[in-house]
Amino acid sequence: MQNRKLNDIVQKIDYGCFLKIAAALPAQIGAFLSYWRGLWQFVFDYDWRSMALGKNYIRKNVNSAMKELLSNRLRIIPATAGRFLHNSRTEWQDCLFKYSDVMDTLYRKSHIEGVDELLDIQKQGRGIVLLSAHYDSFIMGMALLGMSGLKTNVLTSNVVQDPRIHPDVRNFFAEKYWLMEKYTNGKMVPYENGLDFYDQALNRGESVVIMADVQGNKSSIYIPFLSRSFRLPIGAWRMAQKTNSLIGAYMCSYIFPDVYHIQMLPPREIDRESPENTLIPIYAFIEKTIRKHPERWLASEHLMNYDKSRSIQ
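Please read these numbers as outputs of a predicted model, since none were measured by experiment.

Student: For this particular structure, what's the right way to read the overall build of the protein chain?
Tutor: Helix and strand content of the protein chain: twelve helices and nine strands. Over its C-alpha trace the protein chain gives a radius of gyration of 19 Å, about what one expects of a compact globule, namely 20 Å for 313 residues. Viewed in the frame of its principal axes, the protein chain has a C-alpha envelope of about 50 × 50 × 35 Å. For the protein chain, buried positions account for 56% of its 313 residues. Sequence-distant contacts, at least 24 apart, represent 77% of the contacts inside the protein chain between residues at least 6 apart. Here the protein chain has roughly 14,400 Å² of accessible surface; of this, 56% comes from carbon and sulfur atoms. Where the 39 positive side-chain charges of the protein chain centre and where its 32 negative ones centre are 5 Å apart.

Student: What exactly am I supposed to notice about the pattern of salt bridges here?
Tutor: Charged atoms that come close allow side chains of opposite charge to pair. One pass over the structure, following the stated rule, counts 20 salt bridges. Taking the shortest distance from any N to any O, the salt bridge between R83 and D47 comes out at 3.6 Å. Of this pair, R83 sits in helix α5 (residues 76–94) while D47 is found in the loop between α2 (27–44) and α3 (48–53), placing the two residues 36 residues apart along the sequence. A residue is classified by how much of its surface remains accessible, and R83, at 1% relative accessible area, is buried. Measuring nitrogen to oxygen at the nearest pair gives 3.0 Å for the salt bridge that ties E206 to R204. Relative accessible area serves as the criterion here: at 47%, R204 is assigned to the partly exposed category. Salt bridges sharing common partners tie together D47, R49, R83 and E301.

Student: Please explain the packing of helix α8 (residues 138–147) against helix α9 (residues 167–184) as it appears in this structure.
Tutor: Each pair of packed helices can be summarised by the angle the axes make with each other and by the distance between the axes. As a packed pair, α8 and α9 sit with axes 7 Å apart at the nearest point and diverge in direction by 30°. Classified by the angle their axes make, α8 and α9 are roughly parallel. Judged by residue contacts, I139, M142, A143, G146 and M147 of α8 engage K176, M180, Y183 and T184 from α9. Of the residues assigned to the contact of α8 with α9, the class counts are six nonpolar, two polar and one charged.

Student: Teacher, can you tell me more about the sheet that holds strand β9 (residues 259–268) here?
Tutor: Note: strands within a sheet are paired through backbone hydrogen bonds, in either parallel or antiparallel orientation. An order of β1-β9-β8-β2-β5-β3-β4 is seen for the seven strands of this open sheet, with the pairing classed as mixed. Looking at the sheet topology across the chains shown, the edges are occupied by β1 (111–112) and β4 (188–190). Seen against the sheet, helix α10 (residues 196–203) touches β2 (128–132), β3 (152–156), β4 and β5 (207–211) and runs at an angle of roughly 160° to β3.

What counts as what
Residues numbered from 1 in each chain as written. Predicted model: local features only at pLDDT ≥ 70, side-chain atom pairs only at ≥ 80, totals over all residues. Heavy atoms only, no water. Helix = DSSP H or I, 4+ residues; strand = E, 2+ residues; numbered from the N terminus. Rg over C-alpha atoms; globule rule 2.2 N^0.38 Å. Buried < 20%, exposed > 50% of the residue type's maximum accessible area, 1.4 Å probe, protein only. Contact = heavy atoms within 4.5 Å. Areas by Shrake-Rupley, 256 points an atom, 1.4 Å probe, with all protein chains shown as cover. Lys, Arg positive; Asp, Glu negative; His and termini not counted. Charge placed at Lys NZ, Arg CZ, Asp CG, Glu CD. Salt bridge = Lys/Arg side-chain N within 4 Å of Asp/Glu carboxyl O. Axes fitted to C-alpha atoms, helices over the stretch in contact; angles between N-to-C directions. Parallel < 35°, antiparallel > 145°, perpendicular 65-115°, else oblique. Nonpolar A, V, L, I, M, F, W, Y, C, P; charged D, E, K, R; others polar. Pairing = 2+ DSSP bridges.

And the structure:
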């Protein structure tokens, strides 16, 4: 049973104070503090979603996922802890958007594969749908792509403003999205508001980023993904089909406190008759990256929701 008052105090200190202080410090110190914050989160199974729902479930689900993703039994607990450490570091990174000088430094030091091709496509007036996953520094990747000159719009959700979520956590997300627009050259618009904005952005030759590791609730198409059967969300494919856009993917990884690396699956024409043919190569790219470092998959607790009865070995 959770102590609601204690949880409120902890989240107020954590999101309302600690993360902001860590972001204001030199990058090496901030990253170090985020590491210990993540270790503390692992020990106490602390996550803002757990606090909002009133039950702890993240650590259990992540541990179950690591048992499926890792053949070495000795790596399961360290990898489970690693997910909390990487998630904590990502939230610290989100607070860096407030500091333009810090962002300029890490942009200069980071490496983005295939960005010239993306900019060439943008100059041609073609839209690009970029898929990614809740993996490592995926949020920082959006900002870096924008800082490279790509007009990047991001599909978000109103779920982070659920009234059950602590006000300081909601403010954390609201401020993050607001600050990110400075770097992405685009907008962060909830999909609940409708998709017209994104269609218009693609028709203008801009890019739209969509997270691909959340199942499509209304989809009847299943593809193999991480040794399970994954209900394929085809919204990205439909968006590209409707706007004659290309579709690709990226994954962003943390190297050092001020160095990041973006791997790119170059945008290609879609198969207008088959979302499977279009998206399976993208999911293979995402899966390959996740399997190298499953502890960096921040949404690994969702693996337990993928269809095991259709499991594909």
